[in-house]
Amino acid sequence: MTEKKKSDLAVLLGYAGSYKRLTFLGLGLSAVAMVLGTLPYVCIWLAARDLIAVAPEWSKATELAKYGWLAFAAAFGGIAVYFGH
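Residues numbered from 1 in each chain as written. Predicted model: local features only at pLDDT ≥ 70, side-chain atom pairs only at ≥ 80, totals over all residues. Heavy atoms only, no water.

Trainee: Before we move on, could you go through the nonpolar core and cite the residues and values that matter?
Mentor: Formed by C43, L46, A47, Y67 and A71, the largest nonpolar core amounts to five residues. Contributing elements (two or more residues each) for this core: α2 (20-54) and α3 (64-84). Considering each element in turn, this core owes the most residues, three residues, to α2. For Y67, the residues in contact, after removing those within four places along its chain, are C43, L46, A47, R49 and D50. (Core = buried A, V, L, I, M, F, W, Y, C linked by side-chain atoms within 4.5 Å. Buried < 20%, exposed > 50% of the residue type's maximum accessible area, 1.4 Å probe, protein only. Helix = DSSP H or I, 4+ residues; strand = E, 2+ residues; numbered from the N terminus. Contact = heavy atoms within 4.5 Å.)

Right, dumping it as structure tokens:
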């Protein structure tokens, strides 16, 4: 007789017991934290792209402060979501 192997998700939910909803909530919040953790790198790339586009007239790069604050907010939000879950 061959036994059907359980999927990894079925094994995980077996360990979770009555906390299955919290398991899915934790998975979702971890995904959100990782997206927010990646966003500062995207902001750095956008700032570098703007600086390269206007070089050497740096005063024309007007969006740098916006990208900096967005990177800060995303990093802080990612940390808050990660430790909050």
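Next, the rest of the story.
Trainee: An account of α3 is requested, with residue identities and associated values reported.
Mentor: In a regular helix each residue adds 1.5 Å, so 21 residues correspond to 30 Å; α3 covers 30 Å between its end C-alpha atoms and thus fits that length. Of all the positions in α3, only Y67, A71, A74, G77 and G78 are classed as buried. The arc that holds the buried residues of α3, viewed along the axis, is 140 degrees, so those residues lie on one side. In α3, the exposed positions that point more than 90 degrees away from the buried face belong to A65, W69, F72, F76, F83 and G84. Buried residues belonging to α3 abut α2. (Expected span 1.5 Å × (residues − 1). Arc of directions from axis to C-beta.)

Trainee: Can you break down a nonpolar patch on the surface residue by residue, with the values?
Mentor: Together, L9, L12, F24 and L27 make up a nonpolar patch on the protein surface, roughly 350 Å² of accessible area in all. Listing elements by their share of the nonpolar patch, those giving two or more residues are α1 (8-16) and α2. Here F24 falls in the partly exposed class, since its relative accessible area comes to 44%. (Patch = residues over 30% accessible without salt bridge, like charges linked within 9 Å, V, L, I, M, F, W, Y side chains within 5 Å. Areas by Shrake-Rupley, 256 points an atom, 1.4 Å probe, with all protein chains shown as cover. Salt bridge = Lys/Arg side-chain N within 4 Å of Asp/Glu carboxyl O.)

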